[in-house]
Amino acid sequence: MLLDALLLQLGYNATLVAVGAALLGTSAGITGTFLFLRKRALVSDAVSHATLPGVCIAFLLMAFAGGDGRNLAGLLAGSAVSAGIGLWCMNWLTRNTRLAEDAAIGAVLSVFFGFGIVLLTVIQTLGVGRQAGLEGFLLGSTAGMLYSDAVVIAAGGAMTLALVLLTRRPMTLVAFDPEYAAARGLPVDRIDMLMMGLVMAVTVVGLKIVGLILIVALLIIPAVTARFWTERSEYVVLLAGLFGGVAAYLGAALSASAPNLPTGPLIVLVSFTLFLLSLVLAPNRGVLAAVLRHLRLQRRVHLRQGLLALAQGQAIYESLTLRLLQRAGLVRADGVPTASGKARAAKALRDERRWEVVRRDMAHEAAAALYDGLRDIETVLTQDQIQEIDRQIGGPREVLS
Amino acid sequence: MEIVKTQAQGDLSTDKAPEAKLAQSPLAIRGLTVSYGEKPAVFSVDMTVEPGQMTAIIGPNGAGKSTLLKAALGIVAPVSGRVTIFGRSLAEQRARIAYVPQRASVDWDFPTRVIDVVLMGLYRELGLLGWIKGAHRAKALDCLERVGMGDFATRQIGQLSGGQQQRVFLARALAQGADLYLLDEPFAGVDAATEKAIISVLKSLREAGKTVVVVHHDLATVAEYFDNVFLINTRRVAEGPVSEAFTEETLQAAYGGRLATSQIDKLAKA
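Residues numbered from 1 in each chain as written. Chains lettered and ligands numbered in written order. Predicted model: local features only at pLDDT ≥ 70, side-chain atom pairs only at ≥ 80, totals over all residues. Heavy atoms only, no water.

### A word on the overall build of chain A
- From N to C terminus, chain A includes 18 helices and zero strands.
- Taking 401 residues into account, the globule formula puts the C-alpha radius of gyration at 21 Å, and chain A, at 30 Å, lies well above it.
- Taking all 401 residues of chain A together, 47% fall into the buried category.
- Within chain A, contacts between residues at least 6 apart in sequence are counted, and of these 67% link residues at least 24 apart.
- Element-wise, carbon and sulfur atoms account for 65% of the exposed surface of chain A, whose accessible area totals about 18800 Å².
- Taking the 34 positively charged and 27 negatively charged side chains of chain A as two groups, their mean positions are separated by 3 Å. (Helix = DSSP H or I, 4+ residues; strand = E, 2+ residues; numbered from the N terminus. Rg over C-alpha atoms; globule rule 2.2 N^0.38 Å. Buried < 20%, exposed > 50% of the residue type's maximum accessible area, 1.4 Å probe, protein only. Contact = heavy atoms within 4.5 Å. Areas by Shrake-Rupley, 256 points an atom, 1.4 Å probe, with all protein chains shown as cover. Lys, Arg positive; Asp, Glu negative; His and termini not counted. Charge placed at Lys NZ, Arg CZ, Asp CG, Glu CD.)

Next up, the structure:
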């Protein structure tokens, strides 16, 4: 069943949902990355919650005008207007009062969402139009997704991607160093607004699939996940798009593989799984790597301290140090250094002296920045450079290598 | 009281500065007031920067040094006042200004490499869609070499020391190829090696005819590094060549009781 779903063999609706979700996930991941880099991730949560009153009002207007209250384009237009008003309120509060952005987010989010829920309840009691399915905007509902819905999502996604491609450089510059960007004459406020506008577009487009409560997960989790794997912003953007698309596709396929599994929440769970894997397994920033790094560092520190102690004829009391030295065959069981232990100890002491020279000399600055008291000097300097340093130190030649 | 009088005289003399001088000045400020809330951080300040020289902006903490610079660049909006760059409006002359912000103003865990930061200096050349070419990279590398950071090009910026971060910022400004350089506290909290590297780059800029303005906090090095000083404490206190404007009297006026008399003596003698 799941394999069929993954291969788009589960019928028209399931295919539509999976493709639409993948497109949405990609554009949300890419757009959300800039928000994440600008450290304004939570703004998207307020924007998404602010869509609800707009959806309800648009529904009421369309129903009273005698049309079908559930016209998707109309509902999305309404949601965009009210998200825009929410965004404007947030900006106004942050700029003209002493409220910090987090407080403004909290205020706008709860008030707009509360108002939207009230309207939703009113609509249900009024019994106007055919209101069934309006709650679907809260958590998304893909059961009755139409071809035209998928087209709206695809068009919205393509538009946001084109805009991101066009403005990636100014947006990155503003995210990294807004003051410098302003000094270069970049319209920082307008670029921020554009960033928010893109987020709003993705939110509105995604209402049908994941719903307004969970869209923030699609915007932020892929970016955070991607950050674990790379140190370059352009790769964070690309990876976030990839992770977002894959998570959305897998989530949609999962929900199609069995009856009554919700699409939006499953997409979020798949996205979270990718995040969890990255958190643990990522090579540099991952938790596992950090633990291993620490253990390795501990071993190297103990070995180095042990060798330096041996070189200076000091006694070693730490049992871990002794154990490590013994295991490396550098001391005997009674703590007396072996021949190779003596040689390594002399070399360690010699390296310390060499490092002292390196760290005093500006010409070696890039190498000196790598000094950590542990690194073998051969890994940062050439043999010629080391010999030059040895000439400066003088002393016995036999411990050279 | 005497000092206040000197100040007033100083003001008068610059106000009468001929328009020709104003038009040549890389950075001329007239009647600039900037306020965060009710209390002005900079009040009615005039400043005329000499072309092709190095000028230090000096004053106690909270005197409005950085604010003056940011207002000159249009980063903060002034309440009143006029700024001209080489005799023209800021908007017309943007491309001729390079700004080096305080390094604490950005997050150094941002996912980017040293060379990418310098490439930001080429923002105008690159445009919106232009790809980064070998020539751009070579130029960025050359700027890194000039601040002694060539070997760091592909390192992540989070791995740099404070002084190295500062030099990367300077390299980014160099990449712009500007005529006027404005630096906000480039020597704050950096190691001696960095200070030497930065000052030698700034001096080479001056030799090339560029104008350098630096917000500076270390009074001991003013006479050694700079041609001119601009003393500020919300209002302008003094402006001119170091030998004339950097005196016991002006320092006392700018810093009030915040400098010990012995300190001032030592500085005035130096």
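### What to know about the nonpolar core
- Judged by nonpolar contacts, the single largest core of 122 residues is most densely connected at Tyr181(B), Leu202(B), Val229(B) and Phe246(B).
- Top contributing element to this core by residue count: helix H2 (residues 12-37) of chain A, with ten residues.
- Excluding residues within four positions of it along the chain, Tyr181(B) makes contact with Ala98(B), Ala173(B), Leu174(B), Leu205(B), Lys210(B), Thr211(B), Val212(B) and Val213(B). (Core = buried A, V, L, I, M, F, W, Y, C linked by side-chain atoms within 4.5 Å.)

### Section: the domain arrangement of chain A
- Partitioning chain A into structural domains gives domain 1 (2-279) and domain 2 (288-393).
- Here the C-alpha centroids of domain 1 of chain A and domain 2 of chain A sit 53 Å apart. (Domains from an automatic or database assignment.)

### Brief notes about the interface of chain B and chain A
- Of the residues lining the interface, 39 residues belong to chain B; the matching set on chain A comes to 30 residues.
- Interface area for chain B against chain A, summed over the two sides, is near 3200 Å², with a carbon-plus-sulfur share of 57%.
- The largest per-residue losses of area from chain B upon contact with chain A belong to Phe110(B), Pro111(B) and Tyr123(B), which jointly make up 21% of the total buried on that side.
- Taken together, the connections running from chain B to chain A amount to five salt bridges.
- We note a salt bridge from Arg227(A) to Asp109(B), for which the minimum N-O separation is 3.6 Å.
- At the junction of chain B and chain A, the tally comes to 14 residue pairs in polar contact (both at pLDDT 80 or more).
- Broken down by secondary-structure element, the contributors of at least two residues to the side of chain B that touches chain A are helix H5 (114-119), helix H6 (123-126) and helix H8 (162-175) of chain B. (Buried area = accessible area lost by both parts, 1.4 Å probe. Salt bridge = Lys/Arg side-chain N within 4 Å of Asp/Glu carboxyl O. Polar contact = N/O pair within 3.5 Å; in protein donor to acceptor, adjacent residues only side chain to side chain.)

### Comments concerning the side chain of Arg103(B)
All names here are of chain B.
- With respect to the helices and strands, the residue Arg-103 is situated in the loop between strand E6 (97-100) and H5.
- One buried charged residue, Arg-103, forms no salt bridge at all, with the nearest opposite charge on Asp-191 at 8.1 Å.
- Ignoring any residue separated from it by four or fewer positions in sequence, one finds Arg-103 in contact with Trp-108, Gly-162, Gln-165, Gln-166, Phe-169, Ala-188, Gly-189 and Val-190.

### Quick notes on helix H13 (residues 263-281) of chain A
All names here are of chain A.
- Between its first and last C-alpha, H13 extends 27 Å over 19 residues, near the 27 Å set by a 1.5 Å rise per residue.
- Residues Thr-263, Gly-264, Leu-266, Ile-267, Val-268, Val-270, Ser-271, Phe-275 and Ser-278 constitute the buried set of H13.
- If you follow the buried residues of H13, they end up packed against H2, helix H7 (136-139), helix H11 (215-227) and helix H12 (233-256). (Expected span 1.5 Å × (residues − 1).)

### Overview of the pattern of salt bridges
Residues and elements named next belong to chain A.
- Here the structure, examined in full by the defined rule, presents 25 salt bridges over all chains.
- Here Arg-391 makes a salt bridge to Glu-388, at a shortest N to O gap of 3.1 Å. Taken together, the residues Arg-391 and Glu-388, both in helix H18 (residues 383-393) and three residues apart, mark about one turn of the helix.
- For Arg-391, a relative accessible area of 56% corresponds to the exposed category.
- Several salt bridges share partner residues, and in doing so they unite Lys-347, Arg-350, Asp-351, Arg-354, Glu-378 and Asp-390 into one network.

### A few points about the sheet that holds strand E9 (residues 228-233) of chain B
Residue and element names in this part refer to chain B.
- Spatially, six strands are ordered E6-E7-E8-E3-E9-E10 in an open sheet, and the strand pairing comes out mixed. Because the sheet does not close on itself, it has two edges, and the strands there are E6 and strand E10 (235-241). Shown here is a sheet whose adjacent strand axes are inclined to one another by a mean of 15 degrees, direction ignored.
- Two strands pair when backbone bridges link them, and E9 and E10 are joined in this way by six bridges, in the antiparallel orientation. Bridging across to E10, Asn-233 finds its partner in Arg-235.
- In this fold helix H3 (residues 65-72) packs onto strand E3 (54-58), E6, strand E7 (180-184), strand E8 (211-215) and E9, with an angle of close to 145 degrees to the strand it touches most, E7. (Pairing = 2+ DSSP bridges. Axes fitted to C-alpha atoms, helices over the stretch in contact; angles between N-to-C directions.)

### Digging into the sheet that holds strand E1 (residues 28-36) of chain B
Residues and elements named next belong to chain B.
- Spatially, four strands are ordered E2-E1-E4-E5 in an open sheet, and the strand pairing comes out antiparallel. Either end of the sheet is taken by a strand with one partner, and the two such strands are strand E2 (39-48) and strand E5 (88-89).
- Relative to E5, strand E4 (residues 80-85) runs antiparallel, the two sharing two bridges. Its bridge partner being in E5, Ile-85 is matched across the sheet by Arg-88.

### Observations regarding the side chain of Thr221(B)
Residues and elements named next belong to chain B.
- Examined against the element boundaries, Thr-221 turns out to sit in the loop between E8 and helix H10 (222-225).
- A polar atom in the side chain of Thr-221 sits 2.8 Å from the side chain of His-216.
- Residues in contact with Thr-221, not counting those within four places in the same chain, are Glu-195 and His-216.

### Quick notes on the packing of H11(A) against H13(A)
Residues and elements named next belong to chain A.
- Taken N-terminus to C-terminus, the directions of H11 and H13 make an angle of 15 degrees; their axes are 9 Å apart at the nearest point. With respect to their mutual orientation, H11 and H13 come out roughly parallel. Note on packing geometry: the crossing formed by H11 with H13 is left-handed. Counting all contacts with H11, which are made through Ala-217, Leu-218, Ile-221, Pro-222, Val-224 and Thr-225, the residues of H13 involved are Ile-267, Val-268, Ser-271, Phe-272, Leu-274, Phe-275 and Ser-278. (Parallel < 35°, antiparallel > 145°, perpendicular 65-115°, else oblique. Left-handed = near helix turned anticlockwise from the far one by under 90°.)

### Looking at the packing of aromatic side chains
- Within this structure, the stated rule accounts for eight aromatic pairs over all chains.
- Ring geometry for Tyr225(B) versus Phe226(B): centroids 6.2 Å apart, planes at 70 degrees, classification edge-to-face.
- You can call Phe226(B) buried: its relative accessible area is 4%.
- Taken together, the ring pairs in this structure connect Phe176(A), Trp108(B), Phe110(B) and Phe169(B) into an aromatic cluster.
- A cation over an aromatic ring shows up here: Arg168(A) above the ring of Trp131(B), its NZ or CZ 5.5 Å from the ring centre.
- The side chain of Arg172(B) reaches across the aromatic face of Phe169(B), ending 4.3 Å from its centre. (Phe/Tyr/Trp six-rings, centres within 6.5 Å; stacked < 30°, edge-to-face > 60°. Lys NZ or Arg CZ within 6 Å of the ring centre and 35° of its normal.)

### A look at the pairing of E8(B)
Residue and element names in this part refer to chain B.
- When you tally the buried positions in E8, you get five out of five residues, the bulk of the element.
- Judged by which residues are buried, E8 turns out to be covered on both faces: Thr-211, Val-213 and Val-215 on one side and Val-212 and Val-214 on the other are all buried.
- As judged from the four bridges shared by E3 and E8, these two strands associate in the parallel manner. Bridging across to E8, Met-54 finds its partner in Val-212.
- Pairing of E7 with E8, which is carried by five bridges, proceeds in the parallel orientation. Bridge assignment links Leu-182 to a residue of E8, and that residue is Val-213.
- For the handedness criterion, the β-α-β arrangement of E7, helix H9 (residues 192-207) and E8 is classed as right-handed. (Right-handed = clockwise from strand over helix to strand, strands pointing away.)

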